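In case you want the letters, here they are:
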Amino acid sequence: MNPTRRCVRSFRLLLVLAVGAAGCGDEITRYVAPDASPWSAATSNSWYAPDGGTRDAWFGFVSNSLMNSISVLDLRAGRTIATLPVGVVPLAENGPHHLAVDRAAGAVFTPLSFPPASIPTGPHAAHGSSTRPGVLVKRALDDFRLLGRADVDANPGDMVLSPDRTRVFVSHYDLVRAQAHPGDREAQKSALVIVDARTMQRTRTIPVCVAAHGMVVSPDGNTVYMACYGDDAIAVVSVGTDTPTVNLVPVRGQLASNPTAPTWGPYALTPSPDGRTVWVSCSPPNPSAGNRGLFIAFDTTTNTFDTSRATTGLIGTPYFATYAADGASIVVPLQGRDGVARVSAAPPFRVMSQQAFTSEECTLPHQLSRGPDGRYYLVCEGIHDRVRQERGWVAVLDPDSLAVTGRFDVGVFPDAIYFSQGPQ
Amino acid sequence: MKTWMGAVALACATLSCGDTERVEPLAARGALLASDPRITRSQYNAFACLTCHSVDDPPAGGRVYPGASLRGAARRPTYWSGEVTHLREAVERCWTGFMRGVATDLDGPDGQALSAWLDSLAPEGSTAGTAAVTRTYPRVVRDPGVGDRTRGLAVWGRACASCHGAVGTGAGRIGPLTSVLPRDTLAEHCDDNFTDVGYADLQAYLRASVTEKTRHGSFLGYAGVMPPFANETLTDDEVRDLAALFVCP
């Protein structure tokens, strides 16, 4: 049963409605409110069934970016216990991209995007309203009821909460915008949108760079690092003052000359636990044998790339990675040739191991995350193209051997996992 | 539970100077509000809940409502064909999307009355209408082909006349912002460059436009406040016959 469902068993005399003018001899109707609170829904919609002892149990929340839903994984039980709709735009494909849970606030946040491909064909749709704004939604952790929403820009890509959980940062992987304004770099830029996590008011819109995707916030919450796919750069955005500044640092020497066809395509970011390094995973639009994807360290103390900690020698394109528990290595999911690589976090930098997965083990690994139980959880997109839309899954990896030891089924094109204990 | 339901009756108590007091459940007020377009406080809204929903399923061949019947709705596991799991959110979509209301008003006295009314249509222990309702909205909309005008007029009477009034004149339409059809659509589209969007001739393009508006209402790239009509509420044949009412000069 839903823990928030209240059953107030008292009479409440709510309304007195005077019918006609208030004079003598009038008929006055007094309405008696029922004993259930309004909109308390007769049915319980909570995914969470506290059964003594599970209150501290951990769950994984997975955004299904092509399925209008978030899947809830019971890590201990080893199964997916719920798949809950999160969209707010009727009939459309509401694609949640990445997510975060604030347990203390009892909230789940996820930005919804409405990709051009989701606009169906019809005479009016074809007139081209494909750039509808995204929506950041805030839903209750216990039963996913809608708590708030804020319009963001079109094609939100990634979101992160500030360390103090007061602000939500949303990036926009807006390739449509980049293509719509050839030659006009300013107009091509996507914005960092900042939303107040409590009120869900959009407080700031900062134009940053072309098609930004992955984001990392500094431990003090004053700096946001963004992967600028179209610019071949990292953006260092200071957000601690009323006058934000944006500093673009090219991955290799210079910004991409044509932002719709970058050379490197920085896509995903992975922070070090001490905040001194942000690892940049590049996903080149035209991969070649010599450039399947650059994986390189960005030193946040100097705001420079550290070429001594970089490789283009991975067997696939790197995505969202994670640090090992001891901090000595980073494990990186790879696509193209689907697999994982382990690279050293401490100098000297080297690729320690690489292994490929069969398509049953993991198809299109997107994000790797170290779970609260020490195991690795690998979000596998599965097959999703124009022809086939199959469900993805989350593979469980042994932290030492990186062998696949388990699997949770989720929805279509999962793109992120976030761990939290159940509602408080 | 729901003790108030028993205490419904008109408990008429005589007040000081001859006023009479009737005591009624809040659900009764909700029932009145369900037919009242003023409930959302928008001067532009002409719709009431019962413009688009009936309480019980209408008889076959009777009026066609775009929204599901509301008996039992409060106990359904999901709404809007699985897109929503909370009753308030299901109603909020209608309230803000069709009726131009402000979402937070649903938590005010009128919203509470509506909630009580919906609850009263789904009393504890009842099963009527409590299964989830499925509606299918075709994403891809094409020219349905040439239909039958006479049959189209009959469908119009069941599905469209309640808002748009009489074909041609719009007599009796629900509000001044509701299109007069087919006039407004012809004025808007009969000089479009339809080849832009890949239709063989103007009539085919127009039929596809009417089909799209009927199937998607104000959603999926269209705008406005008209509700969408799913496959379950109007068949493809019925939509084709409706489209036959729209002919460019």
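Just so it is clear, the model here is predicted, and its values are computed rather than measured.

Criteria and thresholds
- Each chain carries its own residue numbering, running from 1 in the written order of its sequence.
- For naming, the first written chain is A and the first written ligand is 1, with later ones following in the order written.
- Restriction of local features to residues with pLDDT of at least 70 applies here, the model being predicted, together with a cutoff of 80 or more for giving and counting side-chain atom pairs; totals for whole chains, interfaces and linings are based on all residues.
- Hydrogens and waters are ignored; side-chain quantities use all the structure's heavy atoms.
- A run of H or I in DSSP becomes a helix once it reaches four residues, and a run of E becomes a strand once it reaches two; helices and strands are each numbered from the N terminus.
- Helix span is expected to be 1.5 Å times the residue number reduced by one.
- Three exposure classes are used, based on accessible area relative to the maximum for each residue type with a 1.4 Å probe and protein chains only: buried under 20%, partly exposed in between, and exposed over 50%.
- A pair of strands is labelled paired if DSSP reports no fewer than 2 bridges between them.
- Source of the domain bounds: an automatic or database domain assignment.
- By convention, the term buried area covers the 1.4 Å-probe accessible surface removed from two parts as they join, with the contributions of both added.
- Whenever a carboxyl oxygen of Asp or Glu lies within 4 Å of a side-chain nitrogen of Lys or Arg, that contact is scored as a salt bridge.
- Residue classes follow a fixed rule: Ala, Val, Leu, Ile, Met, Phe, Trp, Tyr, Cys and Pro count as nonpolar, while Asp, Glu, Lys and Arg count as charged, and any other residue, Gly among them, counts as polar.
- Only the contacting stretch of a helix is used when fitting its axis, a line to C-alpha atoms as for every element, and angles between N-to-C directions run 0 to 180 degrees.
- Convention used here: angles under 35 degrees read as roughly parallel, angles over 145 as roughly antiparallel, angles from 65 to 115 as roughly perpendicular, and any remaining angle as oblique.
- The criterion used for residue contact is that any of the two residues' heavy atoms lie within 4.5 Å.

This part is about helix α5 (residues 109-120) of chain B. Residue and element names in this part refer to chain B. The end-to-end C-alpha separation of α5 is 16 Å, in line with the 16 Å expected for 12 residues at 1.5 Å each. Taken across its 12 residues, α5 has nine buried, putting it largely inside the fold. Among all positions of α5, only G111, Q112, A113, L114, S115, A116, W117, L118 and D119 are buried.

What follows is about the pairing of strand β16 (residues 223-228) of chain A. All names here are of chain A. Burial analysis of β16 places six of its six residues in the buried class, the great majority of the element. Along β16, one buried face is formed by T223, Y225 and A227 and the opposite face, lined by V224, M226 and C228, is buried too. Counting the residues between successive antiparallel strands, the hairpin from strand β15 (residues 212-217) to β16 contains five residues, one of them, G221, with a positive phi of roughly 80°. Strand direction decides the pairing type here: β16 and strand β17 (residues 233-238), joined by six bridges, are antiparallel. Its bridge partner being in β17, Y225 is matched across the sheet by V236. Taking the residues that link successive antiparallel strands as the turn, the β16-β17 hairpin has four residues, and the phi of D232 there is positive, at about 55°.

How big an interface is tends to be expressed through the accessible area that disappears when the partners come together. Residue and element names in this part refer to chain B. You can read the domains of chain B as domain 1 (12-120) and domain 2 (149-243). The distance between the C-alpha centroids of domain 1 and domain 2 comes to 27 Å. Across the domain 1/domain 2 interface, buried area totals approximately 1,400 Å², and carbon plus sulfur atoms make up 71% of it. The largest per-residue losses of area from domain 1 upon contact with domain 2 belong to V64, P66 and F98, which jointly make up 41% of the total buried on that side. Taken together, the connections running from domain 1 to domain 2 amount to zero salt bridges. Grouping the amino acids of the side of domain 1 that touches domain 2 by side-chain chemistry returns nine nonpolar, four polar and two charged.

A word on the packing of helix α6 (residues 149-159) of chain B against helix α10 (residues 236-243) of chain B. Helix-helix packing is described using two parameters, namely the angle between the two axes and the distance between the axes. Residue and element names in this part refer to chain B. The N-to-C vectors of α6 and α10 enclose an angle of 105°; their axes lie 7 Å apart at closest approach. Between α6 and α10, the interaxial angle falls into the category roughly perpendicular. Residue-level contacts link R151, G152, V155, W156 and R158 of α6 to E238, D241 and L242 of α10. Across the contact of α6 with α10, the residue classes tally to three nonpolar, one polar and four charged.

Further remarks concern the sheet that holds strand β30 (residues 391-397) of chain A. Residue and element names in this part refer to chain A. Within the open sheet, the four strands sit side by side as β28-β29-β30-β31. Their pairing is antiparallel. Lying at the two open borders of the sheet, with one neighbouring strand each, are β28 (365-370) and β31 (404-412). On average, each strand axis in the sheet is inclined to that of its neighbour by 20°, with strand direction left out of account. Here strand β29 (residues 376-380) runs beside β30; their pairing, made up of five bridges, is antiparallel. By the bridge assignment for β30, C380 is matched with W393.

Okay, unusual backbone geometry next. Cis geometry is adopted by the peptide bond preceding P348(A), which originates at P347(A) and carries an omega value of -5°. Tracing the backbone through its elements, the reader meets P348(A) in the loop between β26 (339-344) and β27 (351-356). Backbone torsion omega between L181(B) and P182(B) reads 0°, so that peptide bond is classified as cis. Along the chain, P182(B) falls in the loop between α7 (161-164) and α8 (183-189).

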